[in-house]
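Coordinate inspection notes
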Amino acid sequence: MSKKLKIFFISDIVGESGLNLLETMFPPIRDKYSPDFIIANAENSHEGRGVNRTIVQRLYDLDVDVITGGNHSFDKWKIFSYMKTDENLLRPMNYPKGNAGYGYGIYSVKESNLKVGVLNLQGRTFMPQIDDPFSTADWALEKIKQETDIVFVDFHAEATAEKLAFAWDFDGKVSAVIGTHTHIPTNDARILPKGTGYLTDAGMTGPFDSVIGMNKKTSINRFRLGTPQRYKVAEKDNRMCGVYLEIDPDKATCSRIEPVIFPEFNNTSTS
């Protein structure tokens, strides 16, 4: 039996709060799980929207192998030229042709002969109407499967139904489908019948004394007043959310999926 491939995914890093937390807390967590391959979603890492080259390097310094994105990947135009050169920095593949960056990649796993395909996709329900993620995945998998059957999908979407429909459609065709975007960790981590590891949303790495990472007062005013408010990242109650997976390299199926939240939430009152 081949040794399991251990993958750790760090979910939606939000602002400097999330980055500082990650630089402090991830090294011991990395030592605990000893992952062979690390993926991080960083589309909210620069001031809550987008990413920059400095942040990319900070993540690489933490041994992150691949950085994924989402609907905020293109919010900071200065990153565009760099996105054309760094194949480890992904953005959703189903944005129309002509946009900067890469939507998938095939990567060698350190100290092994294994390769991992990472595919970044974005949903369309309650999101910008870009190209179809399902047919985009069909096309990408034809390319990826020429080199490896181990495929991790970051599916960045608002609607839980769209994420779940994608997972069922590609069960057995990819090793894992991990949902991102809503910043709220869901409690449905499981392995589907044909071996695909699935989680509707992995949550966020950042301030939970917030409304999905944003300042509470401005977020509440946005809903109460129905008008745009200043986009401001919160700072308190920082937590890291992620997912640990073990993949059978012979079958390219998931044998273990474990959501990680650190520190864990307090579910009892002390008052």
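See the structure shown above.
A brief report on the enclosed structure follows. (Residues numbered from 1 in each chain as written. Predicted model: local features only at pLDDT ≥ 70, side-chain atom pairs only at ≥ 80, totals over all residues. Heavy atoms only, no water.)

**Some thoughts on the sheet that holds strand S5 (residues 115-122)**
Taken together, six strands build an open sheet; the order of strands is S4-S5-S6-S7-S9-S8 and the sheet is mixed. In this open sheet, the two strands that pair with only one neighbour each are strand S4 (104-108) and strand S8 (190-191). As paired elements, S4 and S5 share five bridges and run antiparallel to each other. Across the sheet, the residue bridging to Ser108 is Lys115, located in S5. (Pairing = 2+ DSSP bridges. Helix = DSSP H or I, 4+ residues; strand = E, 2+ residues; numbered from the N terminus.)

**Description of the layout of surface pockets**
Put simply, the largest pocket is a space of about 530 Å³. What lines the largest pocket is a set of 22 residues, and nearest its centre among them are Arg49, Ile212, Met214, Arg222 and Tyr231. Within the lining of the largest pocket, the residues separate by chemical class into seven nonpolar, nine polar and six charged. Lining the second largest pocket are 20 residues, with Ser34, Pro35, Asp36, Lys110 and Glu111 positioned closest to its centre. Secondary structure elements with two or more residues in the lining of the second largest pocket: strand S1 (5-10), helix H1 (15-33) and strand S2 (37-41). The class makeup of the residues in the lining of the second largest pocket is seven nonpolar, three polar and ten charged. (1 Å grid on protein atoms, 1.4 Å probe; cavity = no way out; pocket = protein on both sides within 12 Å on 5 of 7 lines; lining within 4 Å. Points joined across faces, edges and corners; volume = space filled by probe spheres on them. Nonpolar A, V, L, I, M, F, W, Y, C, P; charged D, E, K, R; others polar.)

**Section: the environment of Asn221**
Within the element layout of this structure, Asn221 appears in helix H6 (residues 216-225). C-alpha separation for the pair Asn221 and Leu119, spaced 102 residues apart in sequence, amounts to 36 Å. In contact with Asn221, other than residues within four places in its own chain, are Gly226 and Gln229. (Contact = heavy atoms within 4.5 Å.)

Functional significance is not addressed by these values, which are geometric in nature.
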